[in-house]
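This is what each chain is made of:
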Amino acid sequence: MATPSDTAVLRELARDLDGAFGAFVQAHATDVYSAALRLSGSAADADDIAQDTFVRAYRALRRFDAQRLATLEPRPWLLTITLNLWRNRLRAAARRPRTAPAGTGRDAVDGRPGPEALAVQADARRTLVGMLGELPEHHRVPVVLRHVVGLSYAEMAAVLACPEGTVKANVARGLDRLRTLDAAPDDAPRPGRRSPGPRRTGTRAVDTHRKEVR
Amino acid sequence: MTTPRARTPAPRARGATAAAPAALRRLRVAPPAGFTEAVLERLDLYQGDRFVRMAGPAGDVFVAFSDAGISAVVPARLVDGDGARFADRHRRATGRAALVARRPPTGLAAALRSGRARQLRYDLAGLSPFERAVLLKTLEIPSGEVRPYGWVARQIGRPRAVRAVGSALGRNPVPVLIPCHRVVRSDGHVGQYGFGVPMKQALLRAEGVDLDRLERLADAGVRFIASDSTGVFCVPSCPHARRIRPEHQVPLRSSADAAVAGFRPCAHCAPAPGRAAS
């Protein structure tokens, strides 16, 4: 749902797209970056995906008329772009045989510990990040959009192009799956794990830990 | 064969909490610093500060600027010559990003070469009116000359604010260009410098200041040099003082001594309050 501050930014965008676009990026950067980071599990990929999201958004906004802008719901619209870009990347990576682990040497984008990284239990968070990476895509996406980004079910229905009831059910199943993973011991085979594919090897969770910078 | 541990997993505390929505919500994090600027740069919309690395009179410097003027100068060695570290430092100091510039602002290279930087535009918006007044007055000190802190204080109409002048110069965001290195102690000794006294000495020597002569005079308690042929007295680094032939030089310990002897202050270096000689 568009908030009052969204409306103000959108009005400015309609008046002066180039001048107001920085404020638009700032207003939505955390949502878009968090989604990209928690979906991809890599800080370097997340930076690329999130930047590309806004570059595409700008090019689209240039073609929008005042009517289209006035009715724009920026969050679901942006996250739809983010999701598409991430899926394109997954497909491209699946087609391309890997010569080196993804993101090697590029992950230290921002070596400083974030202020909140010190405040929360980093340990629990790392395992949670690892478990998110183990969720199949059809559960990871709804859980990230709902509980990391904080979209409403109506917004999610728009992003995922399916009924709200389906969205709710998938979020609930995703959370259940996370709890099951959480309760399983580290060295036991984890229930509900998909068969290892080219991207989904046994080291996947470990990779995700390593790539996680915050 | 299954191990006992696999059959009966130990109870673990995190099970109940780690997958809770509140824990997931904490995975929402801001993008790295400079994210918005990077997007704007890719779209050719970035209009904020930029920076260049330039050769300076005492080593390379990073210089940040925007349309509003030059906002920062930092010796390259202070950030290990690393542009990213300079940008970090700039963000901490100003709250603004700085991206690499394609070319330096007009006149910057010439100003760094010649020590004449008065024509450049400076962005001093973050400073107090007093700090701005101190820096703009300091900008008037010609290359190759020095003035005491008290001189700056007097010239901006705050003769008692000598210590405040020193602190304002210590917070000079654009050193080297606004020449706070040309402001010295009232007794003539070279005094402090934010980037270390050796750099102050190097900057002054690079513009032809005879530091050994100034130190000798300071040690001897000489603050001014008068000419008994023109009847004018100067600070020792004034070009007029340097032109007085040795047999006509009169060393003075204070402006009171100058007044008693009937000398008038030089109009160029304004060594003391009162009517200047023309």
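None of the values given here were measured: they were computed from a predicted structure. (Residues numbered from 1 in each chain as written. Chains lettered and ligands numbered in written order. Predicted model: local features only at pLDDT ≥ 70, side-chain atom pairs only at ≥ 80, totals over all residues.)

Moving on to the sheet that holds strand S2 (residues 59–66) of chain B. All names here are of chain B. If you walk across this open sheet you meet the four strands as S3-S2-S1-S4, and the pairing is mixed. Edge positions in the sheet fall to strand S3 (69–75) and strand S4 (98–100), since each has one partner strand and no second. For this sheet, the mean angle separating the axes of adjacent strands, direction not counted, is 35°. Taken together, the seven bridges between strand S1 (residues 49–56) and S2 define a ladder with antiparallel strand orientation. From the neighbouring strand, Arg50 faces S2, where its bridge partner is Phe65. (Pairing = 2+ DSSP bridges. Helix = DSSP H or I, 4+ residues; strand = E, 2+ residues; numbered from the N terminus. Axes fitted to C-alpha atoms, helices over the stretch in contact; angles between N-to-C directions.)

Turning our eyes to something else, we now look at the pairing of S3(B). Consecutive side chains along a regular strand alternate between the two faces of the sheet. All names here are of chain B. Where burial is concerned, most of S3 is hidden: five out of the seven residues are buried. Summarising the sheet, S2 and S3 pair through six bridges and their orientation is antiparallel. Bridging across to S3, Val61 finds its partner in Pro75. Hairpin geometry of S2 and S3 is characterised by an intervening segment of two residues between the two adjacent antiparallel strands. (Buried ≥ 20, exposed ≤ 12 C-beta atoms within 10 Å, placed from the backbone.)

Another point: the sheet that holds strand S7 (residues 224–227) of chain B. Residues and elements named next belong to chain B. Judged by pairing direction, the sheet is mixed, and its four strands sit side by side in the order S9-S7-S8-S10 without closing on themselves. A single partner strand is all that each edge strand has here, and the edge strands are strand S9 (249–252) and strand S10 (264–265). Pairing of strand S8 (residues 232–234) with S10 involves two bridges; the strand directions are parallel. Paired with Val232 across the two strands is Arg264, which belongs to S10.

Now for the packing of helix H9 (residues 153–160) of chain A against helix H10 (residues 164–183) of chain A. All names here are of chain A. Following both chains from N to C, one finds H9 and H10 inclined at 100°, their axes separated by 9 Å at the closest point. Viewed along their axes, H9 and H10 adopt a mutual orientation that is roughly perpendicular. On H10, the residues that touch Tyr153, Ala154, Met156, Ala157 and Leu160 of H9 are Glu164, Val167 and Lys168. Its residues placed into classes, the contact of H9 with H10 shows six nonpolar, no polar and two charged. (Parallel < 35°, antiparallel > 145°, perpendicular 65-115°, else oblique. Contact = placed C-beta atoms within 7 Å. Nonpolar A, V, L, I, M, F, W, Y, C, P; charged D, E, K, R; others polar.)

Of all hydrophobic cores here, the largest spans 51 residues; its most connected members are A:Val32, A:Tyr33, A:Ala35, A:Ala36, A:Leu79, A:Val144 and A:Leu145. Examining the composition of this core, we find that ten residues originate from one element, helix H2 (residues 17–40) of chain A, more than from any other. Each residue touching A:Leu79, except ones within four places of it in the same chain, is listed here: A:Asp31, A:Val32, A:Ala35, A:Leu145, A:Val149, A:Leu151 and A:Val159. Listed in part, the 44 residues of the second largest apolar core include B:Leu135, B:Ile178, B:Cys180 and B:Leu204. (Core = buried A, V, L, I, M, F, W, Y, C linked by C-beta atoms within 7 Å.)

All right, on to the environment of B:Gln249 then. Residue and element names in this part refer to chain B. Mapped onto the fold, Gln249 is located in strand S9. For the pair Gln249 and Ser229, spaced 20 residues apart in sequence, the C-alpha separation works out to 8.9 Å. Not counting residues up to four positions away in its chain, the partners in contact with Gln249 are Ile225, Ser227 and Ile244.

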